[in-house]
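What the coordinates show
The lines below spell out each chain.
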Amino acid sequence: MKIKLKYIIVLIVLASISSIIFGFSIEEEQPSSAHRYIGLGTIGLFLVAMPLFLFKESKGKNMKDYMLTKDNIKKMQNQERKNTGKE
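Below you will find a few notes about this structure. Keep in mind that this is a model prediction, so the values were computed, not measured.

What follows deals with a nonpolar patch on the surface. Taken together, the side chains of Leu 40, Ile 43, Phe 46, Leu 47, Val 48, Met 50, Phe 53 and Leu 54 define a hydrophobic patch exposed on the protein surface, amounting to about 760 Å² of accessible area. Following the sequence through the fold, Ile 43 ends up in helix α2 (residues 31-57). Judged by relative accessible area, which is 43%, Ile 43 ranks as partly exposed.

Laid out in structure tokens, this is it:
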């Protein structure tokens with residue numbers, strides 16, 4: 001059975017958010033453990049889930065379309081002139 005990457009990302013995000021919430025809930029009783037849970041949740045969000053999400057969403061896309069090259073700047077300027085000319 002093939003598990004989709006989307007579901008893995010959602011699972012990681014939910015686990016990270018629950019870890020952060022759990023860390024804040026036990027902060028008064030066990031401050032060192034609370035900091036560990038909050039830190040692990042943050043690492044899960046920003047160093048695991050976000051790169052996986054970006055990898056999943058950028059598959060099959062041409063990066064040259066998103067770079068500011070001279071050709072793309074000219075296209076944007078021409079597009080802007082067309083939009084302002086209509087109004």
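Don't stop here, the text continues.
A contiguous patch of positive charge on the surface is contributed by Lys 2, Lys 4, Lys 6 and Lys 59. With respect to the helices and strands, Lys 2 occurs in the segment before α1 (5-25).

Quick look at the side chain of Ser 19 now. Considering the arrangement of structural elements, one finds Ser 19 in helix α1. What Ser 19 contacts, discounting residues up to four positions off in sequence, is Tyr 37, Ile 38 and Gly 41.

Right, let's talk about the packing of α1 against α2 for a bit. At a closest axis distance of 8 Å, the pairing of α1 and α2 adopts a crossing angle of 160°. The orientation of α1 with respect to α2, classified from their angle, is roughly antiparallel. In the crossing of α1 with α2, the sense of the turn from one axis to the other is left-handed.

Thresholds applied
- Residues numbered from 1 in each chain as written.
- Predicted model: local features only at pLDDT ≥ 70, side-chain atom pairs only at ≥ 80, totals over all residues.
- Heavy atoms only, no water.
- Patch = residues over 30% accessible without salt bridge, like charges linked within 9 Å, V, L, I, M, F, W, Y side chains within 5 Å.
- Areas by Shrake-Rupley, 256 points an atom, 1.4 Å probe, with all protein chains shown as cover.
- Salt bridge = Lys/Arg side-chain N within 4 Å of Asp/Glu carboxyl O.
- Helix = DSSP H or I, 4+ residues; strand = E, 2+ residues; numbered from the N terminus.
- Buried < 20%, exposed > 50% of the residue type's maximum accessible area, 1.4 Å probe, protein only.
- Lys, Arg positive; Asp, Glu negative; His and termini not counted.
- Charge placed at Lys NZ, Arg CZ, Asp CG, Glu CD.
- Contact = heavy atoms within 4.5 Å.
- Axes fitted to C-alpha atoms, helices over the stretch in contact; angles between N-to-C directions.
- Parallel < 35°, antiparallel > 145°, perpendicular 65-115°, else oblique.
- Left-handed = near helix turned anticlockwise from the far one by under 90°.

Interpretation note: all reported values are geometric properties and have no functional meaning in isolation.
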